[in-house]
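Single-letter residue listing:
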Amino acid sequence: MCNNTFPLAETFKMEFEYQINKLKQYTKHGPSLGRYIEILTLDLLKKYFPKTYNFSSGFFYSQNPTISSNISKQIDIICFDRIKYPIIFDDNETVIVTPKSVKGLIEIKSTLTKKSIGQLLEQSNSDISKELPLDTKFNLLSLKSTISPKAVCEYIVDEYKNSDIVRALGAIYSLDWNDIIILDVRNNEYKALILNNYNYGISSFINHLIIQLYGKDVYLSIANQIGPSIFIPKEEFKIR
């Protein structure tokens, strides 16, 4: 259980775990569980996050004629601004938006593997992803993992050494981990930080999304309900 000093953190954790465990009683089918996590995450974001931005599954589309593909791969959850920017397509299930409107992206996996981390890095460095604002980050959430947080960080460090990747990732979290990975850019350094999650579950991932998408002030307005966002790192990995 979470520390009940942070009741909203406990709410997030209980809602997630109850619904997932309920579905697990009937199926172990990975894609179905992954899709269900996507639905739960979308519901949570729409219910509790400020209405400044919208959330949906979909794509972003560029009119740049010099890139190899004008449309992105399907993104499980796109955070986008439809107040300042026009929307290209919306059928209530899927959206197509402009790159400039995208504030953040979340990929959902039933199982986090080295391959899924590689796919995330490849996706973040695609030609069309270079059309996104530089501070827009790719995040990853999974039900379970076959790789430890330390192994994920080591793999990311190796991939950045051997490539020209320029975009920073956001948060990486698997629901069966005791830790969470935060990719941190400050003082002209890019690091992967492994933080002890202290059994806050999904709420720590949500905390970092709030800070990433809305800024520190928005997080501080609810910090005493949702839990701490900053912990002393257990391990640090310098990427660049």
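Note that the structure is predicted; figures quoted are calculated from it, not measured.

**Digging into a nonpolar patch on the surface**
And then number 1: Taken together, the side chains of Tyr61, Ile71, Ile88 and Phe89 define a hydrophobic patch exposed on the protein surface, amounting to about 340 Å² of accessible area.
And then number 2: Along the chain, the position of Phe89 falls in strand 3 (residues 87-90).
And then number 3: Owing to a relative accessible area of 39%, Phe89 belongs among the partly exposed residues under this scheme.

**Some thoughts on unusual backbone geometry**
And then number 1: Even without being a glycine, Asn92 presents a positive backbone phi close to 75 degrees.
And then number 2: The residue Asn92 is located in the loop between strand 3 and strand 4 (94-97) in this model.

**Structural notes on the nonpolar core**
And then number 1: Formed by 75 residues in total, the largest nonpolar core has its most connected members in Leu169, Ile172 and Ile206.
And then number 2: Looking at which element gives the most residues to this core, the answer is helix 5 (residues 202-214), with 7 residues.
And then number 3: In contact with Leu169, not counting residues within four places along its chain, are Leu120, Leu121, Ser124, Lys137, Phe138, Ile156, Tyr160, Leu183 and Tyr190.

**Considerations on the pairing of strand 5 (residues 102-112)**
And then number 1: In this structure, strand 2 (residues 75-80) lies alongside strand 5, joined through 4 bridges in antiparallel fashion. Across the sheet, the residue bridging to Phe80 is Val102, located in strand 5.
And then number 2: Bridging between strand 5 and strand 6 (residues 137-145) involves 8 bridges; their strand directions are parallel. Looking at the pairing, Lys109 lines up with Ser142 of strand 6.
And then number 3: Each parallel crossover has a hand, and the one from strand 5 via helix 3 (residues 114-124) to strand 6 is right-handed.

**Notes on the layout of surface pockets**
And then number 1: As a volume, the largest pocket reaches approximately 530 Å³.
And then number 2: Along its surface, the largest pocket is lined by 23 residues, and Ile182, Asp184, Arg186, Leu193 and His208 are the ones closest to its centre.
And then number 3: If one sorts the elements of the lining of the largest pocket by residue count, strand 8 (residues 179-186) sits on top with 5 residues.
And then number 4: Residue composition of the lining of the largest pocket, grouped by class: 10 nonpolar, 6 polar and 7 charged.
And then number 5: When its volume is computed, the second largest pocket comes out at roughly 300 Å³.
And then number 6: Sorting elements by how many residues they give to the lining of the second largest pocket places helix 1 (residues 7-24) first, with 6 residues.
And then number 7: Of the residues belonging to the lining of the second largest pocket, the class tally is 7 nonpolar, 5 polar and 4 charged.

About the thresholds
Residues numbered from 1 in each chain as written. Predicted model: local features only at pLDDT ≥ 70, side-chain atom pairs only at ≥ 80, totals over all residues. Heavy atoms only, no water. Patch = residues over 30% accessible without salt bridge, like charges linked within 9 Å, V, L, I, M, F, W, Y side chains within 5 Å. Areas by Shrake-Rupley, 256 points an atom, 1.4 Å probe, with all protein chains shown as cover. Salt bridge = Lys/Arg side-chain N within 4 Å of Asp/Glu carboxyl O. Helix = DSSP H or I, 4+ residues; strand = E, 2+ residues; numbered from the N terminus. Buried < 20%, exposed > 50% of the residue type's maximum accessible area, 1.4 Å probe, protein only. Core = buried A, V, L, I, M, F, W, Y, C linked by side-chain atoms within 4.5 Å. Contact = heavy atoms within 4.5 Å. Pairing = 2+ DSSP bridges. Right-handed = clockwise from strand over helix to strand, strands pointing away. 1 Å grid on protein atoms, 1.4 Å probe; cavity = no way out; pocket = protein on both sides within 12 Å on 5 of 7 lines; lining within 4 Å. Points joined across faces, edges and corners; volume = space filled by probe spheres on them. Nonpolar A, V, L, I, M, F, W, Y, C, P; charged D, E, K, R; others polar.

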